[in-house]
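Structural features, examined
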Amino acid sequence: MSNTQTNQADREWILLKPFTFKMFFDNMRKELENTGSVRHILVVELSIGDCLVVKPLYLPTDSTLMYETMKEIGKELRSGCDGVESALLGFETTMVDGLKTLDAANYPSSHNPCHSEAVVLIGRSADKTRSAVVVQKFNRDEHNAPVWSDTQVTTSGAGKEGVVAEHLLDALFDD
């Protein structure tokens, strides 16, 4: 039995009323501040204006399996409801700024001098006319609490190429 099949039975869909991108991101930050980490979370906006949250969302670390898991969730959504308008995926990650460290590839990311952690939110409309990526880097203080850096936002509108990170959300909308 694959990870996707095992986790499908555990998935719970929670119905929300409309929310804002900022509210979703603020909740992720609060979760990190309160618990020390952020779970993967997926929010799907329906054409009727309501939103569904996939909870819990277990994404494998292998990128191929991660893509397949998102594809399976997309199939579940299409079989259970009409009119998915957009989706947001939120997660915590580690990153290295390769522009600040020319030899970044020579270090494991956790040992790189330019290593930081980040809370990331990726959003995309079903018709690919809107997309956004929000990244908030942070380091941890002596008490393991996050020390936030400036938020970086990348958006694209109709007729513009979206960001590479949308690939994972593409799986959600692909048949």
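1. Some details on helix H2 (residues 21-35)
Spanning 15 residues, H2 covers 21 Å between terminal C-alpha atoms, matching the ideal 21 Å at 1.5 Å per step. Restricting attention to buried positions, one finds in H2 the residues Phe24, Phe25, Met28, Glu31 and Leu32. Down the axis of H2, the sector holding all buried residues measures 115 degrees, keeping them to one side. Turned more than 90 degrees away from the buried face of H2 sit Lys22 and Asn34, all of them exposed. Where H2 is buried, its residues contact strand E2 (41-46), strand E4 (84-96), strand E5 (115-125), strand E6 (131-140) and strand E7 (146-156). Where H2 terminates, the next one or two residues include glycine 36, which has phi positive at roughly 90 degrees.

2. Here's the deal with helix H3 (residues 63-80)
Taking 1.5 Å as the rise per residue, H3 with 18 residues should run 26 Å; its terminal C-alpha atoms sit 26 Å apart, in good agreement. Among the residues of H3, those classed as buried are Met66, Tyr67, Thr69, Met70, Lys71, Ile73, Gly74, Glu76 and Leu77. A side-chain oxygen of the first residue of H3 lies 3.1 Å from the backbone nitrogen of threonine 64; this N-cap is aspartate 62.

3. Quick notes on unusual backbone geometry
At lysine 128, a residue that is not glycine, the phi angle is positive and equals roughly 60 degrees. Tracing the chain through its elements places lysine 128 in the loop between E5 and E6. Here the phi dihedral of asparagine 144 falls at roughly 70 degrees; this positive angle occurs in a residue that is not glycine. Mapping asparagine 144 onto the fold places it in the loop between E6 and E7.

4. Observations regarding the nonpolar core
Formed by 27 residues in total, the largest nonpolar core has its most connected members in Leu42, Met70 and Leu172. If you list the elements that add at least two residues to this core, you get E2, strand E3 (51-55), H3, E4, E5, E6 and helix H4 (167-173). Excluding residues within four positions of it along the chain, leucine 172 makes contact with Leu42, Val44, Met70, Ile73, Gly74, Leu77, Arg78 and Ala87. Membership of the second largest hydrophobic core comes to 13 residues, among which are Leu32, Val43, Cys51 and Phe138.

5. Focus on the side chain of glutamine 136
Secondary-structure assignment places glutamine 136 in strand E6. Residue classification places glutamine 136 among the buried residues on the basis of a relative accessible area of 2%. Polar side-chain contacts of glutamine 136 include one of 2.6 Å to the side chain of arginine 29. A polar contact of 2.4 Å, which involves the side chain of glutamine 136, links it to the backbone oxygen of serine 149. For glutamine 136, the residues in contact, after removing those within four places along its chain, are Phe25, Arg29, Glu117, Ala118, Val119, Trp148, Ser149, Asp150 and Thr151.

6. Describing the packing of aromatic side chains
Each aromatic ring pair is described using two quantities: the centre-to-centre distance and the angle formed by the ring planes. Evaluation of the coordinates by the stated rule reveals one aromatic pair. Against the face of tryptophan 148 rests arginine 29, its NZ or CZ located 4.5 Å from the ring centre.

7. Let's talk about the environment of leucine 88
Summarising the element assignment, leucine 88 is placed in strand E4. When the C-alpha atoms of leucine 88 and glutamate 45 are compared, they prove to be 8.4 Å apart, with 43 residues separating the residues in sequence.

8. Observations concerning the pattern of salt bridges
Side chains carrying opposite charge are able to pair once their charged atoms draw close together. Taken as a whole, this structure holds five salt bridges when the rule is applied. Residues glutamate 31 and arginine 39 are paired through a salt bridge, measuring 2.8 Å at the closest nitrogen-oxygen approach. In this structure glutamate 31 comes out as buried when scored by relative accessible area, which is 19%. As a salt-bridge pair, glutamate 92 and arginine 140 come within 3.3 Å of each other at their nearest N and O atoms. Remark: arginine 140 occurs in strand E6 and glutamate 92 occurs in strand E4; sequence separation between them is 48 residues. Residue classification places arginine 140 among the partly exposed residues on the basis of a relative accessible area of 24%.

About the cut-offs
Residues numbered from 1 in each chain as written. Predicted model: local features only at pLDDT ≥ 70, side-chain atom pairs only at ≥ 80, totals over all residues. Heavy atoms only, no water. Helix = DSSP H or I, 4+ residues; strand = E, 2+ residues; numbered from the N terminus. Expected span 1.5 Å × (residues − 1). Buried < 20%, exposed > 50% of the residue type's maximum accessible area, 1.4 Å probe, protein only. Arc of directions from axis to C-beta. Contact = heavy atoms within 4.5 Å. Polar contact = N/O pair within 3.5 Å; in protein donor to acceptor, adjacent residues only side chain to side chain. Core = buried A, V, L, I, M, F, W, Y, C linked by side-chain atoms within 4.5 Å. Phe/Tyr/Trp six-rings, centres within 6.5 Å; stacked < 30°, edge-to-face > 60°. Lys NZ or Arg CZ within 6 Å of the ring centre and 35° of its normal. Salt bridge = Lys/Arg side-chain N within 4 Å of Asp/Glu carboxyl O.

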